[in-house]
Amino acid sequence: MLNKILMRAAFTAAALTVTAGASSAENYRVLMMDYAFFPDISYVQDGDTLTFVNMSGITRTIASRDGSWATPELIDGAEATITVEKGMFNTYQTRIDGVGGAGVIANSTGTGDNVTDVTDGSTGIDGQDAEEGTIIGKINFAETPAIQTN
């Protein structure tokens with residue numbers, strides 16, 4: 001009887017270990033605010049998912065800058081999930097038609113580390129021209145940077 005219980009426990013432990021190893025993909029949430037994505041950079045691995053949540057108060061669509069992927073139109077409060085694939089275009093955007101101002105345009109450094117106004121026609125992220133009313137986010141396949149403490 002004790003052997004049967006031990007065998008069942010060992011089998012259950014082995015099954016849980018295999019299941020845990022197979023489902024290592026993570027799900028990350030990206031909030032679409034009025035004039036920004038939060039976070040603006042998501043550190044991901046192949047097979048992870050990004051769930052975009054529209055918290056902007058208006059209907060919006062998110063699409064890669066090269067047009068290779070896009071979410072459906074998201075009404076306020078709606079969500080859409082994409083699966084991250086290694087090699088996919090990693091810069092995405094949403095547009096606010098007729099709106100501009102600080103914090104709305106992609107930065108001109110191409111790093112995606114911050115968002116600044118580039119209404120003077122300078123080059124936006126990934127060498128593409130930034131347009132007024134464009135909000136930029138980025139997928140990064142590198143390891144998440146360590147947070148320094150003082």
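This is a predicted model, so every value here is computed, not measured.

Conventions we followed
- Residues numbered from 1 in each chain as written.
- Predicted model: local features only at pLDDT ≥ 70, side-chain atom pairs only at ≥ 80, totals over all residues.
- Heavy atoms only, no water.
- Helix = DSSP H or I, 4+ residues; strand = E, 2+ residues; numbered from the N terminus.
- Buried < 20%, exposed > 50% of the residue type's maximum accessible area, 1.4 Å probe, protein only.
- Contact = heavy atoms within 4.5 Å.
- Areas by Shrake-Rupley, 256 points an atom, 1.4 Å probe, with all protein chains shown as cover.
- Phe/Tyr/Trp six-rings, centres within 6.5 Å; stacked < 30°, edge-to-face > 60°.
- Salt bridge = Lys/Arg side-chain N within 4 Å of Asp/Glu carboxyl O.

1. Concerning the overall build of the protein chain
Alright, step 1. Summing up its helical and strand segments, the protein chain has one helix and eight strands in all.
Alright, step 2. Counting all 150 residues of the protein chain, 31% fall into the buried class.
Alright, step 3. Restricting to contacts in the protein chain with at least 6 residues of sequence separation, those with at least 24 account for 60%.
Alright, step 4. Per element, the accessible surface of the protein chain, about 9100 Å² overall, is 55% carbon and sulfur.

2. Topic: the packing of aromatic side chains
Alright, step 1. Per the stated rule, a full pass over the model turns up five aromatic pairs.
Alright, step 2. Here W69 and Y92 contribute two aromatic rings whose centre-to-centre distance is 6.0 Å and whose plane-to-plane angle is 55°, an arrangement assigned as tilted. Here Y92 lies in strand β7 (residues 91–95) and W69 lies in the loop between β5 (63–64) and β6 (79–83), a separation of 23 residues in the sequence. The exposure classification of W69 matches that of Y92, with both residues buried.
Alright, step 3. Among the aromatic residues, those joined into a cluster by ring pairs are F37, F52, W69 and Y92.

3. A closer look at the pattern of salt bridges
Alright, step 1. For the coordinates displayed, the defined rule picks out one salt bridge.
Alright, step 2. Of the charged contacts, one joins E79 and R29 as a salt bridge, the two residues approaching to 2.7 Å between their closest N and O atoms. Note that E79 is positioned in strand β6 and R29 in strand β1 (residues 27–32), a separation of 50 residues in sequence.
Alright, step 3. Residue E79 is classed as partly exposed on the basis of its relative accessible area of 45%.
Alright, step 4. A residue is classified by how much of its surface remains accessible, and R29, at 44% relative accessible area, is partly exposed.

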